[in-house]
Amino acid sequence: MRVLVGGGTGFVGRALTQLLRSRGHEVTHVSRQGGKDRISWEELSHSGLPLCDAVVNLAGENVLNPFRRWSDAFCREVISSRVETTKTLAKAIADAEQPPRAWVLVTGVGYYRPSPTAEYTEDSPGGDFDFFSRLVSSWEAAALIPGSPARGVVVRSGVVLGQGGGAISQMLWPFRLGLGGPLGSGLQPFPWIHIRDLAGIVCHALERKRTIDTAQSDLAVKVVTEIQNKTP
């Protein structure tokens with residue numbers, strides 16, 4: 001299977017690429033600059049979708065970047081890096097003479113209102129109460145391609161944890177400087193998923209043959225609070 005991955009050079013993208021290639025699939029990334037096994041977003045916009053069997057979008061500015069202030073400009077960048085890249089891929093799929101069989105978008109469980117007791121399903125309401133929930137709504141709306149034969153799957157992921165990058169690498173440095181501690185009360189839910197599990201879920205969504213359009217939320221079996229997450 002030939003897979004095109006937007007944001008394939010990021011933390012999740014690297015893990016997904018390694019898994020897909022280990023299973024015999026060909027992977028091409030979409031990134032800022034073209035190169036070996038890679039095309040640029042500009043090339044995608046101008047030349048259209050290269051021949052492929054599946055498309056995944058993982059692109060998005062890092063919201064945990066400790067060197068960026070949460071200014072209006074940064075918020076616009078967070079939105080654009082997700083919504084506009086998704087629109088670009090969706091348009092390329094819609095315009096393709098030979099569209100892919102599968103179209104997978106990874107968003108976030110920020111769609112749902114945080115609660116220490118509520119249990120949510122993919123059909124639970126959300127997407128309209130704060131910045132992140134509205135972002136996910138816009139993000140997923142950008143992926144819709146009416147009438148497309150491509151099987152659409154939306155994966156709402158928790159915070160991705162694992163060695164070598166992701167949230168862990170951003171969260172550890174204050175502790176190494178002796179400045180770490182709980183955020184807020186520390187009692188807020190901390191929905192998370194391991195990098196290997198998320199890569200496996202996306203791979204499964206790409207390889208499955210059954211025609212289905214769906215959203216699914218993927219987390220660890222037990223959602224902990226932030227304090228529990230830091231307790232040995």
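Going by the structure above, here's the rest.
Keep in mind the model is a prediction, meaning the values are calculated, not measured.

Cut-offs used in this document
Residues numbered from 1 in each chain as written. Predicted model: local features only at pLDDT ≥ 70, side-chain atom pairs only at ≥ 80, totals over all residues. Heavy atoms only, no water. Buried < 20%, exposed > 50% of the residue type's maximum accessible area, 1.4 Å probe, protein only. Helix = DSSP H or I, 4+ residues; strand = E, 2+ residues; numbered from the N terminus. Pairing = 2+ DSSP bridges. Right-handed = clockwise from strand over helix to strand, strands pointing away. Expected span 1.5 Å × (residues − 1). Bend = angle between axes of the 7 residues up to and from the residue. Contact = heavy atoms within 4.5 Å. Salt bridge = Lys/Arg side-chain N within 4 Å of Asp/Glu carboxyl O.

Peer 1: Could you clarify how one ought to interpret the pairing of strand E5 (residues 102-108) in this entry?
Peer 2: If a strand is regular, its side chains alternate between the two faces of the sheet. Of all seven residues in E5, seven are buried; the element is thus mostly enclosed. Burial of E5 is two-sided: the residues Ala-102, Val-104, Val-106 and Gly-108 facing one way and the residues Trp-103, Leu-105 and Thr-107 facing the other way are all buried. Across four bridges, strand E4 (residues 54-57) lies against E5 in parallel orientation. Directly across from Ala-54, in E5, lies its bridge partner Ala-102. On the question of chirality, the crossover connecting E4 to the parallel E5 by way of helix H3 (residues 72-95) is right-handed. Of the pairings in the sheet, the one linking E5 to strand E6 (residues 151-157) comprises seven bridges and is parallel in character. Residue Trp-103 lies in a different strand from E6, and its bridge partner there is Gly-152. Handedness of the crossover joining E5 and E6 through helix H4 (residues 131-142) is recorded here as right-handed.

Peer 1: How should I be thinking about H3 in this particular structure?
Peer 2: The end-to-end C-alpha distance of H3 is 33 Å, a good match for the 34 Å that 24 residues give at a rise of 1.5 Å each. The sharpest bend along H3 measures roughly 30° and falls at Ser-80. Taken as a whole, H3 has its buried residues at Phe-74, Cys-75, Val-78, Ser-81, Arg-82, Val-83, Thr-85, Thr-86, Leu-89, Ala-90, Ala-92 and Ile-93. Looking at the buried positions of H3, the neighbouring elements they touch are strand E1 (2-6), helix H2 (41-47), E4, E5 and H4.

Peer 1: Looking at this structure, how should I read the side chain of Ser-133?
Peer 2: Locating Ser-133 in the fold gives a position in helix H4. When sequence neighbours within four positions are dropped, the list of residues in contact with Ser-133 reads Gly-110, Tyr-111, Gly-127 and Asp-128.

Peer 1: Explain the pattern of salt bridges to me, please; I cannot follow it from the model alone.
Peer 2: For side chains bearing opposite charge, pairing can occur when the charged atoms are close. A full pass over the atoms with the stated rule returns nine salt bridges. Among the ionic pairs, Lys-36 bridges to Asp-37, the shortest N-O distance being 3.2 Å. Given the relative accessible area of 72%, Lys-36 is considered exposed. Between Arg-101 and Asp-53 there is a salt bridge whose closest N-O contact spans 3.5 Å. Highlighted residues: Arg-101 in the loop between H3 and E5 and Asp-53 in the loop between H2 and E4, separated in sequence by 48 residues. Given a relative accessible area of 48%, Arg-101 falls into the partly exposed group.

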